[in-house]
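Take a look at the letters that make up each chain.
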Amino acid sequence: NEYIDIEHSYYNTNTYTYIEVPIQIGYIFNFNKVSVCPISGISLGILYGASGFIPTSNDNLDFIDLSKESNYLKPVISNINFGLQVEYLITPNYGVYIKPYYKHGLNSIYNNYPLNIYYRNAGVNFGINFYL
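Just so it is clear, the structure is predicted and the values come from calculations on it, not from any experiment. (Residues numbered from 1 in each chain as written. Predicted model: local features only at pLDDT ≥ 70, side-chain atom pairs only at ≥ 80, totals over all residues. Heavy atoms only, no water.)

Colleague: Help me out: how do you make sense of the side chain of Ser-43 in this one?
Modeller: Inspection of the secondary structure assignment puts Ser-43 in strand E3 (residues 34–55). Residue class for Ser-43 comes out buried when judged on its relative accessible area of 1%. A polar contact is formed between the side chain of Ser-43 and the side chain of Glu-20, at a distance of 2.7 Å. In this structure the side chain of Ser-43 is engaged in a polar contact, spanning 3.4 Å, whose partner is the side chain of Asn-81. Look past the residues within four positions of Ser-43 in its chain and what remains in contact with it is Glu-20, Val-21, Pro-22, Ile-77, Ser-78, Asn-79 and Asn-81. (Helix = DSSP H or I, 4+ residues; strand = E, 2+ residues; numbered from the N terminus. Buried < 20%, exposed > 50% of the residue type's maximum accessible area, 1.4 Å probe, protein only. Polar contact = N/O pair within 3.5 Å; in protein donor to acceptor, adjacent residues only side chain to side chain. Contact = heavy atoms within 4.5 Å.)

Colleague: I would appreciate a short explanation of the environment of Cys-37 in the present structure.
Modeller: The topology assignment puts Cys-37 in strand E3. Put simply, Cys-37 and Ile-25 are 12 residues apart on the chain and 9.6 Å apart in space, counted from C-alpha to C-alpha. Contacts of Cys-37, omitting those with residues within four sequence positions, involve Gly-26, Tyr-27, Ile-28, Gly-83, Leu-84 and Gln-85.

Colleague: What's the story with the nonpolar core in this structure? I'm lost.
Modeller: The nonpolar side chains of a soluble globular protein tend to be buried with one another. Residues Tyr-18, Leu-47, Ala-50, Ile-54, Leu-66, Leu-73, Ile-77, Ile-109, Tyr-110 and Tyr-113 constitute the largest nonpolar core, which totals 10 residues. The element that contributes the greatest number of residues to this core is E3, accounting for 3 residues. Residues contacting Leu-66, with those up to four places away along its chain left out, are Asn-14, Tyr-16, Ala-50, Ser-51, Gly-52, Phe-53, Ile-54, Leu-73 and Tyr-110. (Core = buried A, V, L, I, M, F, W, Y, C linked by side-chain atoms within 4.5 Å.)

Colleague: Got a minute to help me understand unusual backbone geometry in this structure?
Modeller: Of note in the backbone geometry, Asn-32 takes a positive phi value of approximately 55 degrees without being a glycine. Relative to the elements of secondary structure, Asn-32 occurs in the loop between strand E2 (29–31) and E3.

Colleague: What am I meant to see in the side chain of Glu-87 here?
Modeller: Summarising the element assignment, Glu-87 is placed in strand E5 (residues 76–91). Buried and unpaired, Glu-87 has Lys-99 as its nearest opposite-charge partner, separated by 11 Å. Within the structure, the side chain of Glu-87 is placed 2.8 Å from the side chain of Tyr-131, a separation counted as a polar contact. The residues touching Glu-87, leaving out its near neighbours within four places in the chain, are Lys-33, Val-34, Ser-35, Gly-95, Val-96, Tyr-97, Asn-129 and Tyr-131. (Lys, Arg positive; Asp, Glu negative; His and termini not counted. Salt bridge = Lys/Arg side-chain N within 4 Å of Asp/Glu carboxyl O.)

Colleague: Hey, could you run me through the pattern of salt bridges in this one?
Modeller: For side chains bearing opposite charge, pairing can occur when the charged atoms are close. Counted under the stated rule, the structure contains 1 salt bridge. In this structure, the salt-bridge partner of Glu-20 is Lys-103, at a minimum N-O distance of 3.2 Å. Placement of the pair is Glu-20 in strand E1 (residues 15–26) and Lys-103 in strand E6 (residues 94–105), with a sequence separation of 83 residues. Glu-20 sits in the partly exposed class, given a relative accessible area of 23%. Of the residues examined, Lys-103 reaches a relative accessible area of 18% and is grouped as buried.

Colleague: It is not clear to me how the packing of aromatic side chains should be interpreted in this structure. Could you clarify?
Modeller: Aromatic ring pairs are reported here in terms of the distance separating the ring centres and the angle at which the planes meet. Going through the model one piece at a time under the given rule, you end up with 6 aromatic pairs. Ring geometry for Tyr-16 and Tyr-110: centres 6.4 Å apart, planes at 75 degrees, overall edge-to-face. Here Tyr-16 is found in strand E1, whereas its partner Tyr-110 is found in the loop between E6 and strand E7 (120–130), with 94 residues between them in sequence. Seen from their ring centres, Tyr-18 and Tyr-119 are 6.2 Å apart, and the 65 degrees between their planes marks the pair as edge-to-face. One end of the pair, Tyr-18, is in strand E1; the other, Tyr-119, is in the loop between E6 and E7, with 101 residues separating them in the sequence. Assessed through its relative accessible area of 16%, Tyr-18 is described here as buried. (Phe/Tyr/Trp six-rings, centres within 6.5 Å; stacked < 30°, edge-to-face > 60°.)

Here is the structure:
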């Protein structure tokens, strides 16, 4: 309660870069020239880079530099993935697709730190499939 009237403001952007290795499974439903494929799976994210600052765990509001070598960052995290790919076959040999997806971290990116931060990501992939 003695710190209730003390206000601190600090602006910072932390950046985390991961290389992901996905393992996914799906099933294709074909409807003439359109196919729909719901996909789910897991992925392992390997820490490639990090930058920014995080507060120290004590009360004096010091900050620690964040880097790939930081003891507070886990080198590998795991995610659960969901997606839905819709493809339109232009010819029997190639088609265009759109794939919205969502990823959610299964564990915190921090190690031995009082905060728990989970990775979440949503996006859309566009592409062309070539069939031989």
